[in-house]
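# Structural description and commentary
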Amino acid sequence: MQKTTHKPIYVTTPSLAPLDEYTKILKGIWETGIVTHNGPLLQRLEAELKEYLRLRNIVVVTNGTVAIQLAIKAFKLQGEIITTPFSWIATCSSIQWEGCQPVFVDVDPNTLNIDPAKIEAAITHRTTAILPVHVFSNPCDIEAIETIAKKHNLKVIYDAAHAVCVDYKGRSLLEYGDIIATSFHATKIFNTGEGGACIATDDEVHKLLQRLRFFGHDDDKNIIGDGCNGKMTEIHAALGLANLPHLDGVQAKRKAIFEAYAQHLQDLDFIRFQQFDPNAYNYSYMPIILDSEERLLKVMNKLKENNIYGRRYFYPSLNLVKAVAAYSPMPISEDIAKRIMCLPSFNELDLDMIPEICRLVKECV
Ligand SMILES: *Cc1c(COP(=O)(O)O)cnc(C)c1O
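Not measured: the values here are computed from a predicted model.

This next bit is on the pairing of strand β9 (residues 196-200). The element β9 is extensively covered by neighbouring structure, given that five of its five residues are classed as buried. Burial along β9 is two-sided: Gly196, Cys198 and Ala200 facing one way and Ala197 and Ile199 facing the other are all buried. Direction of pairing for strand β1 (residues 59-61) relative to β9: antiparallel, over a ladder of three bridges. Looking at the pairing, Val59 lines up with Cys198 of β9.

Laid out in structure tokens, this is it:
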């Protein structure tokens, strides 16, 4: 076997601004002594994100999971919430954590998003909302979902954890739905270490989310409702402010990585890609769908022998996770989850490594 000389290459590493740019912003915290509590840096981060993403509203919170939970709380949802089995566990566990029951609807095998044609059959008198995921930033069938939601008087909460920096029909994808929850976790395209946000399309809901994040306080610190603590600290907001000016570059790099992989892998008959619109995708992940789980394990091992680590994502299909929901068969999601993985893609990845990674994948014929 060929000897590897490079450092381990993981599926991702966080995109971080140069340290001095971060510490410069941190200095302000030491000067003012304001570390949290909707401080000046959090307010600045919200303002800059609104401008960069062209959003009318944003409520930045501690993480993406709390963002989903606050969205469910904001509408006081109960009963059943329809969601996708092909996602990260947080989508489903947030529903359960809020005392609701996740009801799965299978995905489309090409887009990997919830299949709207199967949603109506899952609606019962207990259904209160639909909570789809824009998988790997690929927009769901928004119009179809909205039509079903209107007809049955359901709320639509999007888990847009992957979908920062995606435009859909001339607007940010984060403006479609009743509340859109996103994540700024270290692994996401824009990160604050830990972080997330709720975007509400209705101004009253926006104000409610601000209160829910801050113990139920209004602007004058009167407690006018229930709430919890979902405030982002100034330390995290500072990291976001340092990272934001580099986000154009981060996006360009991810796209270049994706295109390099696609070029090298396109002729392999045992690999296919998620189907997406190139104008509405942020290229933050490099998912490949293999022809069998056996092949997937072969690729994972081949890479591992060479100090390169892909990741099974998402695996397993959430309908198989007994801790969050009773089993119901989801044949497409179960099948895809077994044979999909993400290849390394991150800002510091050397583009010259991609032909080498692809060469290893090709050896798995
Ligand atoms: C990352 C992620 C979340 C959770 O976000 P955190 O900020 O890590 O809490 C939710 N849903 C999906 C699909 C994710 O990938």
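Moving on: the pattern of salt bridges. Taken as a whole, this structure holds 19 salt bridges when the rule is applied. Residue Lys150 pairs with Glu146 through a salt bridge whose shortest N-O separation is 2.9 Å. Of this pair, Lys150 and Glu146 both sit in helix α5 (residues 142-152), four residues apart, which is roughly one turn of the helix. Where Arg312 meets Glu293, a salt bridge forms, and the shortest distance between an N and an O atom there is 2.9 Å. Of the two residues, Arg312 sits in the loop between α9 (293-305) and α10 (331-338) while Glu293 sits in helix α9, which places them 19 residues apart along the sequence.

In the vicinity of the ligand there are 15 residues, among which Gly64, Thr65, Asp159, Ser183 and Lys188 approach most closely. In this structure, an oxygen atom belonging to the ligand sits 3.1 Å away from a side-chain N or O atom of Lys188. Taking 380 Å² as the accessible area of the ligand by itself, protein coverage stands at 93%. Assessed atom by atom at 2 Å from the grid points, the ligand resides in the largest pocket. Secondary-structure elements contributing two or more residues to the shell around the ligand are α3 (64-74) and α4 (89-97). The residue makeup of the shell around the ligand, split by class, is four nonpolar, nine polar and two charged.

This brings us to unusual backbone geometry. Residue Tyr313 is joined to Phe314 through a cis peptide bond whose omega torsion reads 0°. With an omega of -5°, the peptide bond running from Tyr315 to Pro316 counts as cis. Relative to the helices and strands, Pro316 resides in the loop between α9 and α10. Although it is not a glycine, Tyr283 adopts a positive phi angle of roughly 60°.

On to the domain arrangement of the chain. The assigned domain composition of the chain is domain 1 (19-245) and domain 2 (246-362). With 40 residues of domain 1 in contact, the opposing surface of domain 2 contributes 39 residues. Roughly 3400 Å² is buried in total at the junction of domain 1 and domain 2, and carbon and sulfur atoms are behind 62% of that figure. Inspection of the region where domain 1 meets domain 2 yields zero salt bridges. Elements supplying a minimum of two residues to the side of domain 1 that touches domain 2: α4, β3 (101-104) and α7 (234-243). When residues in the side of domain 1 that touches domain 2 are grouped by element, the largest group, four residues, is from α4. Residues of the side of domain 1 that touches domain 2, tallied by class, amount to 24 nonpolar, ten polar and six charged.

Conventions and cut-offs
- Residues numbered from 1 in each chain as written.
- Predicted model: local features only at pLDDT ≥ 70, side-chain atom pairs only at ≥ 80, totals over all residues.
- Heavy atoms only, no water.
- Buried < 20%, exposed > 50% of the residue type's maximum accessible area, 1.4 Å probe, protein only.
- Helix = DSSP H or I, 4+ residues; strand = E, 2+ residues; numbered from the N terminus.
- Pairing = 2+ DSSP bridges.
- Salt bridge = Lys/Arg side-chain N within 4 Å of Asp/Glu carboxyl O.
- Near = heavy atom within 4 Å.
- Polar contact = N/O pair within 3.5 Å; in protein donor to acceptor, adjacent residues only side chain to side chain.
- Areas by Shrake-Rupley, 256 points an atom, 1.4 Å probe, with all protein chains shown as cover.
- 1 Å grid on protein atoms, 1.4 Å probe; cavity = no way out; pocket = protein on both sides within 12 Å on 5 of 7 lines; lining within 4 Å.
- Sits in = over half its atoms within 2 Å of the grid points.
- Nonpolar A, V, L, I, M, F, W, Y, C, P; charged D, E, K, R; others polar.
- Domains from an automatic or database assignment.
- Contact = heavy atoms within 4.5 Å.
- Buried area = accessible area lost by both parts, 1.4 Å probe.

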